[in-house]
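Chain residues, written in single-letter form:
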Amino acid sequence: MRIDIISVFPDYLSPLNLSLIGKAWGKGLLDFRVHDLRDWATDRHKTVDDTPYGGGAGMVMRPDVWGSALDSVLNAPQGPPQLIFPTPSGHLFTQRAAEQLAQSEHLIFACGRYEGIDSRVADHYKSQSNVSVQEYSIGDYVLNGGEVAALVMIEAITRLIPGVIGNPESLVEESHNSEGLLEYPVFTKPAQWRGLEVPEILLSGNHAKIAAWRAAQAGALTAQRRPDLITN
Ligand code: SAM
């Protein structure tokens, strides 16, 4: 999978070199291209923003600079790309969205800053047939920029690609899997720690009973902490 990320702070994306995702990049499973938006600015100050029409605080990112940058990465030879705008006003990014995006050959993340990107940019690319466009929020809070949100989405998406995670079984019993529940509590050695014991059932070796206990725990935990996942 090729992933282009456009940002005014390309150094923010350096964690992509680390851990399992960095290794998958090294193996050629992932192909990251991080771009500096200012490379497409046309004045000598490399300006990418301007004051908002209608007044108000802050600066808005210019559509002409974003248009040049996105046209350039959209011309890559991979299959039809998915263009993602991280934004707090987007649809909520979920595990289902990660699963859908993990099927793609080419993702492009357009990381906003300041008061965000001129709204015509997303509207323009939504009207184009050579790209599919999504605006995603990673949660109901506001970050300073789209880079951290892009890192969150990239990690959630790419760990689903075969070969990125060593043991694919790890992906089966997880929170937010196809059953939509939170994962049951997990334990390891030592069996006793600071007066706290591992639940007896997990030491029994009875796999059917362990599976039933875990399913019950997952249901109870979800009902307690995230009842919205059960009712939705
Ligand atoms: N003025 C915008 C608003 O109120 O909706 C917030 C702009 S925010 C300060 C700057 C950039 O951070 C956004 O363009 C977006 O790329 C990113 N961002 C902030 N919060 C986010 C979130 N919850 N999810 C995804 N991206 C976010």
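Residues numbered from 1 in each chain as written. Predicted model: local features only at pLDDT ≥ 70, side-chain atom pairs only at ≥ 80, totals over all residues. Heavy atoms only, no water.

## Thoughts on the overall build of the protein
Summing up its helical and strand segments, the protein has 7 helices and 9 strands in all. If one aligns the C-alpha atoms of the protein with their principal axes, the spans along those axes are about 70 × 40 × 35 Å. Out of the 232 residues belonging to the protein, those deemed buried represent 38%. The long-range fraction of contacts in the protein, counting pairs at least 24 apart against all pairs at least 6 apart in sequence, stands at 74%. With 19 positive and 27 negative side-chain charges, the protein shows a separation of 5 Å between the mean positions of the two kinds. (Helix = DSSP H or I, 4+ residues; strand = E, 2+ residues; numbered from the N terminus. Buried < 20%, exposed > 50% of the residue type's maximum accessible area, 1.4 Å probe, protein only. Contact = heavy atoms within 4.5 Å. Lys, Arg positive; Asp, Glu negative; His and termini not counted. Charge placed at Lys NZ, Arg CZ, Asp CG, Glu CD.)

## Looking at the packing of aromatic side chains
All told, the structure shown has 3 aromatic pairs when counted by the stated rule. With 5.0 Å between their ring centres and 80 degrees between their planes, tryptophan 25 and phenylalanine 32 make a pair best called edge-to-face. Taking the relative accessible area as the measure of exposure, phenylalanine 32 reaches 4% and is therefore buried. (Phe/Tyr/Trp six-rings, centres within 6.5 Å; stacked < 30°, edge-to-face > 60°.)

## Thoughts on the pattern of salt bridges
This structure, assessed with the given rule, holds 10 salt bridges. In this structure, arginine 113 and glutamate 147 form a salt bridge, with 2.8 Å as the shortest nitrogen-oxygen distance. Of this pair, arginine 113 sits in the loop between β6 (106-110) and α4 (120-126) while glutamate 147 sits in helix α5 (residues 146-158), placing them 34 residues apart in sequence. In this pair, the class of arginine 113 matches that of glutamate 147, namely buried. Residues joined by salt bridges that share partners form a network here, namely Asp50, Arg62 and Asp64. (Salt bridge = Lys/Arg side-chain N within 4 Å of Asp/Glu carboxyl O.)

## Considerations on the nonpolar core
Burial of nonpolar side chains together is a common tendency in soluble globular proteins. Counting residues in each nonpolar core, the largest one holds 28 residues, and the members touching the most others are Ile5, Phe109 and Ile157. Breaking this core down by element, the ones donating at least two residues are β1 (2-7), α1 (19-26), α3 (95-101), β6 and α5. With 6 residues, the single largest contributor to this core is α5. Setting aside its immediate chain neighbours within four residues, phenylalanine 109 contacts Ile3, Asp4, Ile5, Ile6, Ile84, Ala150, Met153, Ile154 and Ile157. One finds Trp40, Met61, Val65 and Ala110 within the second-largest nonpolar core, a separate group that totals 23 residues. (Core = buried A, V, L, I, M, F, W, Y, C linked by side-chain atoms within 4.5 Å.)

## Details of the site of the ligand
Inspection of the region around the ligand gives 19 residues, with Pro86, Ile138, Gly139, Tyr141 and Leu143 positioned closest. Threonine 87 is positioned with one of its backbone polar atoms (N or O) 3.3 Å from a nitrogen atom of the ligand. At the level of elements, β5 (82-92), β7 (132-137) and α5 are the ones that each hand at least two residues to the shell around the ligand. For the shell around the ligand, the element with the highest residue contribution is β5, accounting for 3 residues. (Near = heavy atom within 4 Å. Polar contact = N/O pair within 3.5 Å; in protein donor to acceptor, adjacent residues only side chain to side chain.)

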